[in-house]
Amino acid sequence: MSSCPTPQSPLESMTPRIRRLREAVMSARSGVCPERALDYTTYFRKRANRRKPAAIQMAEALSLHLAGKSKRIHPDELLVGNFSSRRVGGSIYPELHGVVVLGDLLFTPWRLVNRLELSGRDKLRLAAILPFWTFRFLGIRAHSRLRDTLRFLAEQLTGSWYLINESGGVAHIAPDYEKLIRLGTTGLAAEAAERQGDFAEGTAEWTFLEAVRIAAESLAAFGETYARLAEAMARKEGNGGRRCELEEIARTCRRVPRHPARTFREALQSLFFAQIALNLESLDNGISPGRMDQYLWPFYAADLEAGRLTRQEAMELVAAFSIKMSEIVPVFSKSITNFHGGMFNGQVVCIGGTDGEGRDATNELSFVVLEVMDALRMRQPNYHARLHSGTPPRFREAVFAAIAAGANSPALYNDEVVVPTMVANGYTLEDARSYTGIGCVEPSSQGKSLASTDAAIFNVPIRLELALNEGCRFGSRRRSGVKTPPVARMRSMKDVTAAFEAQLGFGLSRLLVDLQAVERANARFHPTPLTSMLLDGCVEKATCSTGGGARYTFSGIQCVGGPDTGDALYAIERLVFVERRLGLPELVELLQKGLEDEWWRAVMRRVPKYGNDDAGADRWTRWVLETFASWWEGRRNTRGGPYTTGLYSVTAHQFFGEVTGPLPSGRLRGEPLASGLSPTAAFDRAGPTAAINSANRIDMGRFANGINFNLKFDADSVAGPVGRRALEDLVAVYFERGGMQVQINVLDPVLLRRAKENPEAYPGLLVRVSGYSAYFADLSADMQDEIIARATYASGAPVCKV
Amino acid sequence: MSSTEVETSGKRAVVFDIQRFSIHDGPGIRSTVFLKGCSLDCHWCHNPEGIRAHPEIAFYAERCRRCFECEKVCRLDAIVRDPDVRIDRERCNRCGLCVEVCVFGALRQVGRFMTADEMEAEILRDLDFYRSSGGGVTFSGGEPLLYGPFLAPLFRNLKGMGIHITVETAGEFPFDAAEPCLALADLVLFDLKLMDPERHQRWTGRPNGTILECFRGLVASGVAMLPRLPLVPEVNDDSDNLRATARFVRENGLESLALLPHHALGREKRRRIGLPIEPPDLRPATPDDLARAAEIITEEAIRVILPDAPEPA
């Protein structure tokens, strides 16, 4: 007789200390920390500072903030360092996109999603600095002509066409933590000093390296303030056990990050201080520790060998680190929240994969990280696992067991596709093999890339709306695109696609102009010396990463709504030009009227859609995606690197869906667009094998900035070893045929519905949203509905033929 | 209903569904092909749309937007304006014109003719998944073995590609005609409902003589077989029947019996295709029912196989 024993909650495997730390973070109300905004204001208010070179300004302002920010060591902590003045909090970057955020925080009484606490006193303090920054933030300085500035700001706020995330800072890196751990800031600063000798004082190169040295020193000093705090706390601590722990913390923080780490614990502490500082330097997004199982492995192995550490103790430290990563939240403006729901900073931790020579690099630490992930099930970090032909079956099984059991992580990456794609984009084979995901889904070389993978995000189906209405939005007479022929004159699909391509090109050209203005503004006004110190190439070239100093530099542009556009074009082809059920002008008239005619809407919805293994439908999605990617080929950013295309949307498919008019696919205004390369939720009917067959018709090698392909299953259908094996086999086929990435959500729809009704009862319910995990309760009601509605492949019931 | 309705030319078969990514229905990732037509008419049938051999039209009342496009195209005046009923089954000749115009999917064709080539092409869409998982195809119904001459060449092709074949049978089929395809099957799931011929007649419309004969014939042929008992409370879950079933399995040299819990979803399907619904209303089998039945069968030295996931009540 087979019976399912109730599985022990994986959390039970964690020590009581870890459970308490997790509880403390999970139960903390997230809020806004004003300290960074106030410190940066203090720095820039001084006229003398405003006359300094930008690199020095940014280094000194960071230094001032790191020194002055409040420091806390919480009960039970082994690893220390706080991102903000709150247990869970986020900072404001007034010199970047902070003015918009401030305006929103101060003038919107309460925010519907991602509600963050802000005290009345802090509100006043922030209100006082708003005037200072109103004409000084990056977005307003990007364009030289006032007209462009106003248009740019207005468009950024409404965000119907595209959103340039880089105007909030570049960030999005996997820093060279291996080097930091190995050399300490002393070693890094020494490298900078040595290179500085090659340049005359006052030159741009010299100045940049000087800024690196200031940043290095500020990071070292940041660690030491925790040493002093721990020493002071230890003196007052009555509990002998805790006193020892505090003394140990003090010893660790005396050592790192200034000096090379000697132990596993020192290594983790060293990189965590850097993790905090990097998040405070520029945008707090996509700062990814990356391949921790690789660069921490020598310390883990040596400590175990020497008897200094047990596997259990290592697991406790990794868990403590992991919990700390959830102590930061992004403080987005209301409009940005539409694009990036779920309080997510995109801090990727990647396990498995190969070394630079292509040998399997999975080790015991990969398993430790995976177990910690499964046990904690927290919002951050964003866990990725790399799979390749030589991945040990034991690791593969452990990964799929966690997924099938509902951890909804890690996201899976296929080395056999990612590595060649990176090589084709200019990476050496060795660097490509050492990739990690960053942010959401973007492959990037650890410590070597400034890939600005979230540079901009673009609404594609809205270009079709313009193409069907001579360059105007439905219901508008103002031309917001380029003039294209009226639909009455379109005689074939060629005419339709030509108009679409014209509108697409027009929109992308606009984006390019705006984005390049922002790129230049970042280089000119917001250099990032600390980031650059931890990216290979910057010190050697004596150039900031924002100016193209990193060994590899890219800008990633996200193509959102490709499948929706493909489905719309296919519906036009079928209904207008093949079946001749109605003329194109009549079809457009239906769209203009909001597709209220439900009979015609049903006709449109019945045309086969992408994601259901229909070659005709899939062909159009492929065409749209490749047309988008081709537009960018050969274009280079102002840092000298190529633009790459990404097929992931974070939550932008929701927001763009809201602003995009009805489509000939039968999709209504307001319905969400497809998430990345996943089939549109409402049109996904034929199950996971069909969805995979469709996705595999897309050449993913064209999308070097990463793709996101979701598969959703209800919990029952993939329960037990049968379910785990089925998931493993599905992914094996998908990867073998060229799949680049997949993330699997195992959801219990009943549970989700209950969680929507009573979010407080399920604060820890994690779901994956386009490349990252978010707490279900943190998502907007629309997003929640979408997740509930997404096809859950019902195969749980055995087929009972009686 | 009789098997003579099934087309015996062997050139085409009526299929009412091909369900992809079936993973609880034999080894690996599978597609399940549901063939239409069955000689039994079990009171509790879970797939009543598989009973009649010909294509028919189902009505999903909740999807109907009452546009009555169907009325305009029907040449036989068979559309009725009743909230729950749309088709006068007496008049309807199942031409399917109404289905074509029903864009809302309220009227749907249940069952379409397919040639073996067409069926093979559909099945092979997921070939890579069968191969990677050691899965394959499950033929279900209805009674798939009524299509013996149709299935034999198809099975040969599938076997040639290394695809695992499972057949789910209700047991009443022309043995000689089905033998060539059975010889190619990797696994036969054979349903035993009631051991007493009279009770069998009462609940399924047919006595069980042929079924038991086919069972013995299959055992003799040596094909791998798993008998299954759809557990229907108050119909066949009494100790007498369970023990008799277990003994029959043992006498035939088999060691296991799978239990399938009854669910009540079939009744809604009956309504949609205009099949009569007769009392009594049978309640679904609960995990307790299963456990109790399992205990009795185990006492007869037969191993019980329970479904992976409990059925939703």
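Residues numbered from 1 in each chain as written. Chains lettered and ligands numbered in written order. Predicted model: local features only at pLDDT ≥ 70, side-chain atom pairs only at ≥ 80, totals over all residues. Heavy atoms only, no water.

### Focus on the sheet that holds strand 8 (residues 187-191) of chain B
Backbone-to-backbone hydrogen bonds join strands into a sheet, with any given pair of strands oriented parallel or antiparallel. Residues and elements named next belong to chain B. Taken in spatial order, the nine strands line up as 5-1-2-6-7-8-9-10-11 in an open sheet, and their pairing is mixed. Of all the strands in the sheet, just strand 5 (112-115) and strand 11 (303-305) have a single pairing partner and so form its edges. Across the sheet, the axes of successive neighbouring strands diverge by a mean angle of 35°, strand direction being ignored. Against the sheet, helix 9 (residues 239-251) makes contact with strand 9 (225-231) and strand 10 (256-261), and its axis sits at roughly 175° relative to strand 9, the strand it touches most. Sheet strands touched by helix 11 (residues 287-299): strand 9, strand 10 and strand 11. Its angle to strand 10, the strand with the most contacts, is close to 165°. (Pairing = 2+ DSSP bridges. Helix = DSSP H or I, 4+ residues; strand = E, 2+ residues; numbered from the N terminus. Axes fitted to C-alpha atoms, helices over the stretch in contact; angles between N-to-C directions. Contact = heavy atoms within 4.5 Å.)

### What to know about the domain arrangement of chain B
All names here are of chain B. Each assigned domain of chain B is listed here: domain 1 (12-54 + 111-305) and domain 2 (56-105). A straight line from the C-alpha centre of domain 1 to that of domain 2 covers 32 Å. Of the residues lining the interface, seven residues belong to domain 1; the matching set on domain 2 comes to eight residues. Around 710 Å² of area is buried between domain 1 and domain 2 when both sides are counted, 41% of it from carbon and sulfur atoms. It is H54, R272 and I273 in domain 1 that bury the most area against domain 2; as a group they hold 75% of the surface buried on that side. Seen at the junction of domain 1 and domain 2, the total is three salt bridges. (Domains from an automatic or database assignment. Buried area = accessible area lost by both parts, 1.4 Å probe. Salt bridge = Lys/Arg side-chain N within 4 Å of Asp/Glu carboxyl O.)

### Here we look at the packing of helix 15 (residues 311-324) of chain A against helix 17 (residues 364-376) of chain A
All names here are of chain A. Packing of helix 15 against helix 17 brings their axes to within 9 Å, and their N-to-C directions diverge by 55°. When the axes of helix 15 and helix 17 are compared, the pair comes out oblique. For helix 15 against helix 17, the interelement crossing comes out right-handed. Residue-level inspection shows R311, M315, V318, A319, S322 and I323 of helix 15 in contact with helix 17, the latter providing E364, F367, V368, V369, E371, V372 and L376. For the contact of helix 15 with helix 17, the class distribution of residues is nine nonpolar, one polar and three charged. (Parallel < 35°, antiparallel > 145°, perpendicular 65-115°, else oblique. Left-handed = near helix turned anticlockwise from the far one by under 90°. Nonpolar A, V, L, I, M, F, W, Y, C, P; charged D, E, K, R; others polar.)

### Looking at the pairing of strand 4 (residues 348-352) of chain A
All names here are of chain A. Among the five residues of strand 4, five are classified as buried, and the element is accordingly described as predominantly covered. Bridge count for strand 4 against strand 5 (residues 382-387) is five bridges, and the pairing is parallel. Note on strand 5: the bridge partner recorded for V348 is N382. Read from strand 4 through helix 17 to strand 5, the crossover connection turns out right-handed. (Buried < 20%, exposed > 50% of the residue type's maximum accessible area, 1.4 Å probe, protein only. Right-handed = clockwise from strand over helix to strand, strands pointing away.)

### Quick word on the interface of chain A and chain B
Listed by partner, the interface residues are 33 residues for chain A and 49 residues for chain B. Between chain A and chain B the total buried area reaches about 3500 Å² when both faces are included, carbon and sulfur atoms providing 59% of it. Where chain A touches chain B, the interface holds four salt bridges. Between R125 of chain B and D613 of chain A there is a salt bridge, with its nearest N and O atoms 3.0 Å apart. In this assembly, chain A and chain B are joined by ten residue pairs in polar contact (both at pLDDT 80 or more). Breaking the side of chain A that touches chain B down by element, the ones donating at least two residues are helix 27 (598-606), helix 30 (688-695) and helix 31 (720-736) of chain A. (Polar contact = N/O pair within 3.5 Å; in protein donor to acceptor, adjacent residues only side chain to side chain.)

### Quick notes on the sheet that holds strand 3 (residues 162-164) of chain A
All names here are of chain A. With respect to topology, four strands assemble into an open sheet ordered 3-10-12-13, the strand pairing being mixed. Every interior strand has two partners, whereas the edge strands, strand 3 and strand 13 (643-646), have only one. With strand direction ignored, the average angle separating the axes of adjacent strands in the sheet is 20°. Note: strand 3 against strand 10 (residues 456-459), three bridges, orientation antiparallel. Across the sheet, the residue bridging to L163 is I457, located in strand 10. The sheet contacts of helix 28 (residues 615-632) involve strand 10, strand 12 (555-560) and strand 13, and relative to strand 12 the element is tilted by about 155°.

### What about the environment of N208 of chain B?
Residue and element names in this part refer to chain B. On the secondary structure map, N208 appears in the loop between helix 7 (197-204) and helix 8 (209-221). You can call N208 buried: its relative accessible area is 4%. C-alpha of N208 to C-alpha of I302: the two residues are 94 residues apart in sequence and 21 Å apart in space. Once you skip the residues sitting within four places of it in the chain, N208 turns out to touch L194, M195, D196, P197 and H200. A polar side-chain atom of N208 sits 2.9 Å from the main-chain carbonyl oxygen of M195.

### Focus on empty space enclosed by the protein
Residues and elements named next belong to chain B. In the structure shown here, the tally under the stated rule is eleven cavities of 30 Å³ or more. Roughly 90 Å³ of internal volume is contained in the second largest cavity. Every residue lining the second largest cavity is counted, 14 residues in all, and those nearest its centre are C64, C67, F68, C70 and C102. (1 Å grid on protein atoms, 1.4 Å probe; cavity = no way out; pocket = protein on both sides within 12 Å on 5 of 7 lines; lining within 4 Å. Points joined across faces, edges and corners; volume = space filled by probe spheres on them.)

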